[in-house]
Amino acid sequence: MSANTKLQELLAHPAPGFICEGAGSAHSKKFLAKITHQVAGPASASTLSKLKQMIQAGSDQLLKFYASHDGLILYKDTIGDAEGVQLLAVENMDEGTNELREWLDTVEEADDHNKLKTAIAIGQVPHSGNYIAMPVEGPDVGKVFYVDHDDWREEPFSESFNEFVSRIADSPAKLLSEDLGCYARYSDGETEIQWISEEYFPDVSKAKI
């Protein structure tokens, strides 16, 4: 199944959500969090041209995606402000890249084997300060990295942009609670409990807690 097909299937789910467990002392409690997705329309020709200038090598898959969607937010809470993962609109990539590189300035040059200091921020994990980035120089051009402040990762998150799109649409609960560091904390609108995704349902009417 292609990456785009997997994403489109995710976006077509009728009533998506997670069975969640409470964080900390509330770990024995369960809550059904309903979610939505926010997907932008196609990028303009001028916007795609700017993106091509920003990432000149290894950007074919990225450009094809942005020709359909100039950014998206997946796994957005319908009650609170939690969001799972975001691909930035092209107009916001400069700001994201500046923030990413400001942090990467603290990384020793000798430790930057993947040339992440040259990378463009194409996305982020909301509320984490962590970015999704693609290097524009070095041996890992075309690959996608998760730049995590708390866990410096030498290995790419995905070997290509298409693989990245497939991965973020494939196993939602695992993606949020394990792969990206458990930053998406859902709200019940009544208590202060932070709810962590445990099991994903395309239709929450079929979920039982």
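Reading the values: the criteria
- Residues numbered from 1 in each chain as written.
- Predicted model: local features only at pLDDT ≥ 70, side-chain atom pairs only at ≥ 80, totals over all residues.
- Heavy atoms only, no water.
- Helix = DSSP H or I, 4+ residues; strand = E, 2+ residues; numbered from the N terminus.
- Rg over C-alpha atoms; globule rule 2.2 N^0.38 Å.
- Buried < 20%, exposed > 50% of the residue type's maximum accessible area, 1.4 Å probe, protein only.
- Contact = heavy atoms within 4.5 Å.
- Areas by Shrake-Rupley, 256 points an atom, 1.4 Å probe, with all protein chains shown as cover.
- Lys, Arg positive; Asp, Glu negative; His and termini not counted.
- Charge placed at Lys NZ, Arg CZ, Asp CG, Glu CD.
- Pairing = 2+ DSSP bridges.
- Axes fitted to C-alpha atoms, helices over the stretch in contact; angles between N-to-C directions.
- Phe/Tyr/Trp six-rings, centres within 6.5 Å; stacked < 30°, edge-to-face > 60°.
- Lys NZ or Arg CZ within 6 Å of the ring centre and 35° of its normal.
- Salt bridge = Lys/Arg side-chain N within 4 Å of Asp/Glu carboxyl O.

## Notes on the overall build of the chain
No. 1: Regarding its fold elements, the chain presents six helices and eight strands.
No. 2: Moving toward the C terminus, one meets the helices and strands of the chain in the order α-β-β-α-α-β-β-α-β-β-β-α-α-β.
No. 3: For the chain, the C-alpha radius of gyration of 17 Å lies close to 17 Å, the compact-globule estimate for 209 residues.
No. 4: Each principal axis of the C-alpha distribution contributes one length, and for the chain these read about 50 × 35 × 25 Å.
No. 5: Burial status across the chain gives 50% buried among its 209 residues.
No. 6: In the chain, once contacts between residues fewer than 6 apart in sequence are set aside, the share between residues at least 24 apart is 58%.
No. 7: For the chain, the exposed area adds up to about 10,100 Å²; of that, 46% sits on carbon and sulfur atoms.
No. 8: For the chain, the distance from the average position of its 18 positive side-chain charges to the average position of its 35 negative side-chain charges is 6 Å.

## Observations regarding the sheet that holds strand 8 (residues 195-201)
No. 1: An order of 7-6-5-4-3-2-1-8 is seen for the eight strands of this open sheet, with the pairing classed as antiparallel. Across the chains shown, the open sheet's two edge strands, defined by having one partner strand only, are strand 7 (145-147) and strand 8. Strand-to-strand twist of the sheet, defined as the mean angle between neighbouring strand axes without regard to direction, takes the value 30°.
No. 2: The pairing of strand 4 (residues 85-87) with strand 5 (residues 120-125) spans two bridges and is antiparallel. Residue pairing in the sheet places L87 in a bridge with G123 of strand 5.
No. 3: Its contacts with the sheet place helix 4 (residues 93-104) against strand 5, strand 6 (130-134) and strand 7, and it is angled at close to 90° to strand 5.

## Some words on the packing of aromatic side chains
No. 1: Within this structure, the stated rule accounts for nine aromatic pairs.
No. 2: Summarising the aromatic geometry, the rings of F65 and F161 are spaced 5.4 Å apart at their centres and angled 65° between planes, so their arrangement reads as edge-to-face. With F65 in helix 3 (residues 60-66) and F161 in helix 5 (residues 161-170), this pair connects stretches of sequence that are 96 residues apart.
No. 3: With a relative accessible area of 8%, F65 lands in the buried category.
No. 4: Taking relative accessible area as the criterion, F161 reaches 1% and is therefore assigned buried.
No. 5: The interplanar angle of 35° and the centroid separation of 6.1 Å between the aromatic rings of F161 and F164 together place this pair among those described as tilted. In this pair, F161 and F164 are both assigned in helix 5, three residues apart and thus about one turn of the helix distant. Summarising the burial analysis for this pair, F161 and F164 share the class buried.
No. 6: The ring of F157 has R167 sitting right over it, with the charged end atom 3.8 Å from the ring centre.

## A short note on the pattern of salt bridges
No. 1: One pass over the full model with this rule turns up ten salt bridges.
No. 2: Residue R153 is joined to D148 by a salt bridge in which the shortest nitrogen-to-oxygen separation is 3.4 Å.
No. 3: A salt bridge links K174 to D179; the nearest nitrogen and oxygen atoms lie 2.8 Å apart.
No. 4: For K174, a relative accessible area of 40% puts it in the partly exposed group.
No. 5: Taking the relative accessible area as the measure of exposure, D179 reaches 11% and is therefore buried.

## Remarks on the environment of F65
No. 1: Between the alpha carbons of F65 and N4 there is a distance of 8.2 Å; along the sequence they are 61 residues apart.
No. 2: Excluding anything up to four places from it in sequence, F65 contacts L7, L72, L87, F161 and V165.

## Considering unusual backbone geometry
No. 1: Even without being glycine, K115 reaches a positive phi, approximately 60°.
No. 2: Overall, the relative accessible area of 36% leaves K115 in the partly exposed class.
No. 3: For C182, which is not glycine, the phi torsion reads 65° and is therefore positive.
No. 4: Among the secondary structure elements, C182 is positioned in the loop between helix 6 (172-179) and strand 8.

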